[in-house]
Amino acid sequence: MAIPVIDAEKCVGCAACESSCPTEAIKVGDDAIAAIDAGACVECMACIDSCPTEAISES
């Protein structure tokens, strides 16, 4: 597997992905776009399933 990728144009900053991440590896920044800390990500892909705008995908 690989680290998920955020499509900034689709991300609305809702933070659903933050809530779903078991390692707190994904955060919505001041720009209202989610970002993933690759070092903390365990590649569980929970963020992909939780994203209502399908802004997160497998790389």
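Note: the structure precedes this text.
Each chain carries its own residue numbering, running from 1 in the written order of its sequence. For a predicted model such as this one, the threshold for reporting local features is a pLDDT of at least 70, and the threshold for listing and counting side-chain atom pairs is 80 or more; totals across whole chains, interfaces and linings nevertheless cover every residue. Note: side-chain values were computed over all heavy atoms of the structure, leaving out hydrogens and water.

Student: Teacher, can you tell me more about the environment of Ser59 here?
Tutor: Numbering of helices and strands starts at the N terminus; helices are DSSP runs of H or I of at least 4 residues and strands are runs of E of at least 2. Mapped onto the elements of the fold, Ser59 is located in the segment after strand E4 (56-58). Under the scheme applied here, a residue whose accessible area is under 20% of the maximum for its type counts as buried, over 50% as exposed, and between as partly exposed, the area being computed with a 1.4 Å probe on protein chains only. A relative accessible area of 63% places Ser59 in the exposed class. Separated by 19 residues in the primary sequence, Ser59 and Ala40 place their C-alpha atoms 16 Å from one another.

Student: Teacher, can you tell me more about the nonpolar core here?
Tutor: General note: in soluble globular proteins, nonpolar side chains tend to be found buried as a group. Definition of nonpolar core: a set of buried residues of the types Ala, Val, Leu, Ile, Met, Phe, Trp, Tyr and Cys, connected through side-chain atoms within 4.5 Å. Residues Ile6, Cys11, Cys17, Ile26, Ala34, Cys47 and Ile56 are the most contacted members of the largest nonpolar core, which totals 13 residues. Throughout, a contact is declared for two residues whenever any of their heavy atoms are within 4.5 Å. What Cys47 contacts, discounting residues up to four positions off in sequence, is Pro4, Cys17, Ser20, Ile26 and Ile56.

Student: What should I look at first to understand the environment of Val28 in this one?
Tutor: If you trace the backbone, Val28 turns up in strand E2 (residues 26-28). According to the relative accessible area criterion, Val28 is partly exposed, its value standing at 23%. In the structure, Val28 is positioned 25 residues away from Ile3 in sequence and 16 Å away in space, judged by C-alpha atoms. Ignoring any residue separated from it by four or fewer positions in sequence, one finds Val28 in contact with Gly13, Ala15, Glu18, Ile33 and Ala34.

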